[in-house]
Amino acid sequence: MKLNVGSIDRAIRIIVGLIVISLAFWGLKTPWGYIGIIPLVTGFIGICPGYSLLGISTCKRKQ
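The following paragraphs examine the structure supplied in this document.

Conventions we followed
Residues numbered from 1 in each chain as written. Predicted model: local features only at pLDDT ≥ 70, side-chain atom pairs only at ≥ 80, totals over all residues. Heavy atoms only, no water. Axes fitted to C-alpha atoms, helices over the stretch in contact; angles between N-to-C directions. Helix = DSSP H or I, 4+ residues; strand = E, 2+ residues; numbered from the N terminus. Parallel < 35°, antiparallel > 145°, perpendicular 65-115°, else oblique. Left-handed = near helix turned anticlockwise from the far one by under 90°. Contact = heavy atoms within 4.5 Å. Nonpolar A, V, L, I, M, F, W, Y, C, P; charged D, E, K, R; others polar. Salt bridge = Lys/Arg side-chain N within 4 Å of Asp/Glu carboxyl O. Buried < 20%, exposed > 50% of the residue type's maximum accessible area, 1.4 Å probe, protein only.

## A short note on the packing of helix α1 (residues 7-26) against helix α2 (residues 37-45)
Okay, so step 1: Between α1 and α2, the least distance of the axes is 7 Å, while the angle of their chain directions is 150 degrees. One element, α1, and the other, α2, form an angle in the roughly antiparallel class. Judged by the twist between their axes, the crossing of α1 over α2 is left-handed. Touching Arg10, Arg13, Ile14, Gly17, Leu18 and Ile21 of α1 are Ile37, Pro39, Leu40, Thr42, Gly43, Phe44 and Ile45, all from α2.
Okay, so step 2: Split by residue class, the contact of α1 with α2 holds eight nonpolar, three polar and two charged.

Have a look at this one:
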């Protein structure tokens, strides 16, 4: 699979993922906080299956 998540998008995903996961421990304390694993993982690996299905890429293209 090709990388389809750019550097700014990756940083935002990691930050949002960490914030949502932290809600499971310090905020709402519900299992829904673990949904933050999805943006965290996609941010770290740089591949988003949703972007692949829709044909979206935020990576800079070399020409």
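## Some words on the pattern of salt bridges
Okay, so step 1: Under the definition given, this model contains one salt bridge.
Okay, so step 2: Notably, a salt bridge pairs arginine 13 with aspartate 9, separated by 3.2 Å at the nearest N-O pair. Placement of the pair is arginine 13 and aspartate 9 together in helix α1, with a separation of four residues, close to one helical turn. There is no split in this pair, since arginine 13 and aspartate 9 are both buried.

## A few points about α2
Okay, so step 1: Looking at α2, one finds that the buried residues are Pro39, Leu40, Thr42 and Gly43.
Okay, so step 2: Glycine 46 lies just past α2 and shows a positive phi near 80 degrees.

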